[in-house]
Amino acid sequence: MRRLYVFDTTLRDGEQSLGITLNVHEKLEISRQLVRLGVDIIEAGFPASSPGDFESVRQIAAEIKGAVVCGLSRAVEEDVDRCWEAIKVAEQPRIHTGIAVSPVHVDKKLLMTPEQVLEAAVAAVKRAKKHVSDVEFYAEDAFRSDRHFLARVLEETIKAGATVVNIPDTVGYATPWEYGELIGWVMENVKGIERVIVSIHCHNDLGMATANSLAGIKAGASQVEGTINGIGERAGNTSLEEVIMAIYTQKGRYGVQPSIDTREIAATSRLVSRITGVPVPAHKAIVGANAFMHASGIHQDGVLKERTTYEIIDPEVVGIPKNKIVLSARSGRHALRHRLAELGYELEGEELGIAYERFLHLADQKQEVYDEDLHALMGEKPVNGSGRLVLKNVAVATSGQSQATATVTVDLDGTVITDAACGNGPVDAVFKAIERLLGCKVTLEDYSLRSVSRGKEALGDATVKVRVGESGLIIGRGISTDVIEASARAYANALAKARAIH
Ligand code: KIV
Ligand code: ZN
């Protein structure tokens, strides 16, 4: 069995998704969970891209132990140096530098000749090598490149000291047969390739990223790059959880062994979804809410007789524990703590007390509290665990033509205040009333509402993305059986975060 190195780029390529901006605390929280999951390399960001990204990478490098911390850099000397400045404190630092190699990128984007590209690639690797021994070179848009040029660039960058070479399908254009064939060709034809780790990096524009990655592994790659939940540019990157579980279920047929704790997959997926505000589709493989649900009578009958009739993965393997008790308003603190621990949330003391209060509030609204409700409850994290801004009451009156008036009461640093506003529909009225209460200028960038769990008392889970004044994007989440209250909670949650930052 060959060791398969898992390279997570949720915080770099994943963060490049439309509408995702993470602050340093959020990136640190995801990094800690990636270590629990057991990824080998965390690509923490692109330090030269902004001071904020530099600082996030630096803090992750300073804190994270037990995984390589990698920074991305263009093949430009200043970028490479800046990248090193950010990662040099890491226990295991890596610079990931590179340049595009396909004709369309070289001629039309870089406006360079192939010889200039080759020169820049070699110079960047040499510069990175001055700082650190672990240097990965990426040949952007490798799949659409001329093979002989690709081979030259890889040979020269290996000679210059690259320890890992990354062969991306940057635009998700490949199909599995072609991508596997390219990786096989590289393994056979590039001089010096046996001295380095070959890495694969696929995008999902044709929905093939997982299949292409598996084809690349089968053809000899020993490092796979991707993101949690497959988030990333356009249609996203390879979903690491899908590749890992495909290898796991195929039991040795790929001839590789990743060092991943699969029981952390569900918790990692939920954390990334909560922090990025990008929901996981219900039918998403491995981590979707319906991935282990059996709806039809024939399937339910089969699974009850023998789980493997319709289930290829035991949900417990990916961290979804079997549910043995149903929680309700009669359940005690101990039962809640026990179930939350099974779901991956270890709470004690004051944190448990706050969660229990919120659980009782929810259980009063619903007869039975399911696991999905608990995940939603934990996803609606109170800011600083305390009530700097607590929503106390929301009342809405609507009158024809979508006009609505909302009266909102909040506890703001211990003082209970109420205000009202009119709006274009109840949600708009509630948001305006909250803005009046806090006296701040808010730009709503995105608002979404989805239903969680089952039954007519299903929870509404609202997500808002806002900017407060000149702030970056702030994500707030709120849940309630009343969708207007859920929306109000999400808005208040985002504004509480904004207050905590300033
Ligand atoms: O898709 C790609 O080519 C990339 C590189 C920067 C590694 O993300
Ligand atoms: Zn990419």
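Sequence order as written defines the numbering, with residues in each chain counted from 1. Each chain takes a letter, starting from A, and each ligand takes a number, starting from 1, following the order in which they are written. Local features in this predicted model are restricted to residues of pLDDT 70 or higher, and side-chain atom pairs are both shown and tallied only at a pLDDT of 80 or more, whereas totals for entire chains, interfaces and linings draw on every residue. Hydrogens are left out, water is left out, and the side-chain values use all remaining heavy atoms of the structure.

## A word on the overall build of the protein chain
Regarding its fold elements, the protein chain presents 16 helices and 15 strands. Here the C-alpha radius of gyration of the protein chain, 25 Å, is about what a compact globule of 502 residues would show, namely 23 Å. The principal-axis extent of the C-alpha atoms belonging to the protein chain is close to 70 × 60 × 45 Å. Accessible area is worked out with a 1.4 Å probe on protein chains only. A residue is then buried under 20% of its type maximum, exposed over 50%, and partly exposed in between. Taking all 502 residues of the protein chain together, the buried fraction comes to 55%. Any pair of residues with heavy atoms lying within 4.5 Å of one another is described as a contacting pair. Pairs at least 24 residues apart make up 65% of the contacts formed inside the protein chain by residues separated by at least 6 positions. Note on areas: Shrake-Rupley with a 1.4 Å probe; residue coverage comes only from the protein chains shown. Surface summary for the protein chain: the accessible area is close to 22100 Å², and the carbon and sulfur share equals 52%. Charged residues are defined here as Lys and Arg on the positive side and Asp and Glu on the negative side; His and the ends of the chain fall outside this count. Just so you know, the charge point we use is NZ for Lys, CZ for Arg, CG for Asp and CD for Glu. Of the charged side chains in the protein chain, 57 are positive and 67 negative; the average position of the first set lies 2 Å away from that of the second. Secondary structure is summarised from DSSP: a helix means a run of H or I of at least four residues, a strand means a run of E of at least two, and numbering begins at the N terminus for each. Here the globule rule reads 2.2 Å times residues to the power 0.38, and the radius of gyration is calculated from C-alpha atoms.

## Some thoughts on the pairing of strand β7 (residues 197–202)
Most of β7 sits out of view: five of its six residues are buried. We treat two strands as partners when DSSP finds at least two bridges between them. Note: strand β6 (residues 164–169) against β7, six bridges, orientation parallel. Note on β7: the bridge partner recorded for valine 164 is isoleucine 197. With helix α7 (residues 176–189) bridging β6 and its parallel neighbour β7, the resulting β-α-β unit is right-handed. As paired strands, β7 and strand β8 (residues 223–226) are joined by three bridges and run parallel to one another. Counterpart to histidine 201 in the pairing with β8 is glutamate 225. Crossovers are marked right-handed if the path from the first strand over the helix to the second runs clockwise, as seen with the strands pointing away from the viewer. For the crossover from β7 across helix α8 (residues 209–218) to β8, the handedness is right-handed.

## Focus on the coordination of the zinc ion (ligand 2)
Think of it this way: four donors in a tetrahedron around the metal ideally sit 109.5 degrees apart, and six in an octahedron ideally sit 90 or 180 degrees apart. Taken together, the protein ligands of the zinc ion (ligand 2) are Asp13 (OD), His201 (NE2) and His203 (NE2), with distances of 2.0 to 2.1 Å. In this analysis a donor is any N, O or S atom within 2.8 Å of a metal ion (3.2 Å for sodium, potassium and calcium), and since water is not included, sites may seem incomplete. The sequence pattern describing where the donors of the zinc ion (ligand 2) fall on their chain is D-x187-H-x1-H.

## Here's the deal with empty space enclosed by the protein
Grid spacing is 1 Å over the protein atoms alone, the probe is 1.4 Å, and a cavity is where that probe fits but cannot get out, while a pocket is an open set with protein on both sides within 12 Å along at least five of seven lines and lining residues have an atom within 4 Å of a point. Grid points are joined across faces, edges and corners, and a volume is the space filled by probe spheres set on the points. Inspection of the entire model under this criterion finds one cavity of 30 Å³ or more. The volume enclosed by the largest cavity comes to roughly 50 Å³. For the largest cavity, the full set of lining residues is Leu37, Ile228, Leu240, Glu241, Ile244, Ile265, Thr268, Ser269 and Val287. Only α9 (240–249) and α10 (265–276) provide two or more residues apiece to the lining of the largest cavity. Considering only residue class, the lining of the largest cavity consists of six nonpolar, two polar and one charged. Three categories are distinguished: nonpolar for Ala, Val, Leu, Ile, Met, Phe, Trp, Tyr, Cys and Pro, charged for Asp, Glu, Lys and Arg, and polar for the others, with Gly belonging to the last.

## Describing the domain arrangement of the protein chain
Each assigned domain of the protein chain is listed here: domain 1 (2–276), domain 2 (297–378) and domain 3 (389–501). Throughout the structure description, domain borders are defined by an automatic or database domain assignment. Its C-alpha centre places domain 2 at a distance of 27 Å from the equivalent point of domain 3. Each partner contributes residues to the interface: domain 2 has ten residues there, and domain 3 has eleven residues. Summed over both partners, the accessible surface that disappears when two parts come together, traced with a 1.4 Å probe, is what is meant by buried area. Taking both sides of the interface into account, the surface hidden between domain 2 and domain 3 amounts to around 940 Å²; carbon and sulfur atoms contribute 55%. Considering only the side of domain 2, the residues that lose the most area to domain 3 are Gln365, Glu372 and Ala376, jointly responsible for 45% of the buried surface there. A pairing counts as a salt bridge when a side-chain nitrogen of Lys or Arg comes within 4 Å of a carboxyl oxygen of Asp or Glu. Run the count over domain 2 and domain 3 and you get zero salt bridges. Contacts described as polar in this section are N or O atom pairs within 3.5 Å, which, within protein, must combine one atom able to donate a hydrogen with one able to accept it, while residues neighboring in sequence count only if both atoms come from side chains. Inspection of the region where domain 2 meets domain 3 yields one residue pair in polar contact (both at pLDDT 80 or more). Breaking the side of domain 2 that touches domain 3 down by element, the ones donating at least two residues are α13 (349–365) and α14 (371–379). With four residues, the top contributor of residues to the side of domain 2 that touches domain 3 is α14.

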